[in-house]
Amino acid sequence: VQLQASGGGLVQAGGSLRVSCESSEGTLGGSTMGWFRQAPGKEREFVTVIAWNSARTHYADSVKGRFTISRDNGNNTVYLQMNSLKPEDTAIYYCVAARFTVWPPPRGSSDYHYWGQGTQVTVSS
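One structure accompanies this document, and this report is about it.

### What to know about the nonpolar core
Side chains of a nonpolar character, in soluble globular proteins, are inclined to be buried together. Core analysis: the largest hydrophobic core is formed by 32 residues, its most contacted members being W35, F67, L80, M82 and Y93. Of all the secondary structure elements, the ones that give two or more residues to this core are β1 (3–6), β3 (17–23), β4 (32–38), β5 (45–50), β7 (67–72), β8 (77–82), β9 (91–98) and β11 (119–124). With six residues, β9 is the largest single contributor of residues to this core. Contacts of Y93, omitting those with residues within four sequence positions, involve W35, F36, R37, V47, F67, L80, M82, G118, T119 and V121.

### As for the packing of aromatic side chains
This model, assessed by the stated rule, comprises five aromatic pairs. Between F36 and F46, the ring centres sit 5.8 Å apart and the planes meet at 85 degrees, which makes this aromatic pair edge-to-face. In this pair, F36 is assigned in strand β4 and F46 in strand β5, connecting sequence segments 10 residues apart. Taken individually, F36 and F46 each receive the classification buried, so the pair is uniform in this respect.

### Considering the sheet that holds β7
Strand order in the open sheet formed by four strands is β1-β3-β8-β7, and the pairing between neighbours is antiparallel. Each edge of the sheet is formed by a strand with only one pairing partner; in this case those strands are β1 and β7. Within the sheet, the average angular offset between the axes of one strand and its neighbour, ignoring direction, is 15 degrees. With four bridges connecting them, β1 and β3 associate as antiparallel partners. Note on β3: the bridge partner recorded for L3 is S23.

Reading guide: rules and limits
- Residues numbered from 1 in each chain as written.
- Predicted model: local features only at pLDDT ≥ 70, side-chain atom pairs only at ≥ 80, totals over all residues.
- Heavy atoms only, no water.
- Core = buried A, V, L, I, M, F, W, Y, C linked by side-chain atoms within 4.5 Å.
- Buried < 20%, exposed > 50% of the residue type's maximum accessible area, 1.4 Å probe, protein only.
- Helix = DSSP H or I, 4+ residues; strand = E, 2+ residues; numbered from the N terminus.
- Contact = heavy atoms within 4.5 Å.
- Phe/Tyr/Trp six-rings, centres within 6.5 Å; stacked < 30°, edge-to-face > 60°.
- Pairing = 2+ DSSP bridges.
- Axes fitted to C-alpha atoms, helices over the stretch in contact; angles between N-to-C directions.

Written as structure tokens, this is what we have:
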């Protein structure tokens, strides 16, 4: 299984950006999918996840109200719409997938079995 992230780039503070992640296999349609990010010199951190049927989402406090996760299982794709971006949102964004039986799912990076290659998001001040 491969996850291919795209859509990163450079944006000014206050702007918006949408990143996407496409799965190579439709079997991830039954998985929780989400995003982590890693800023230079910092630990990888949880951003958001979405349930397999889009019925539930969960966000880190730092992005709540600004970021929106969605998915299209028919196209094996998960999206992250980022609004009101701040310089501290600058990071490499990684899409992830895993199967969980609890909600909200764990926030540890080691709990997620599938990882994309990451896409760079840079927010200038």
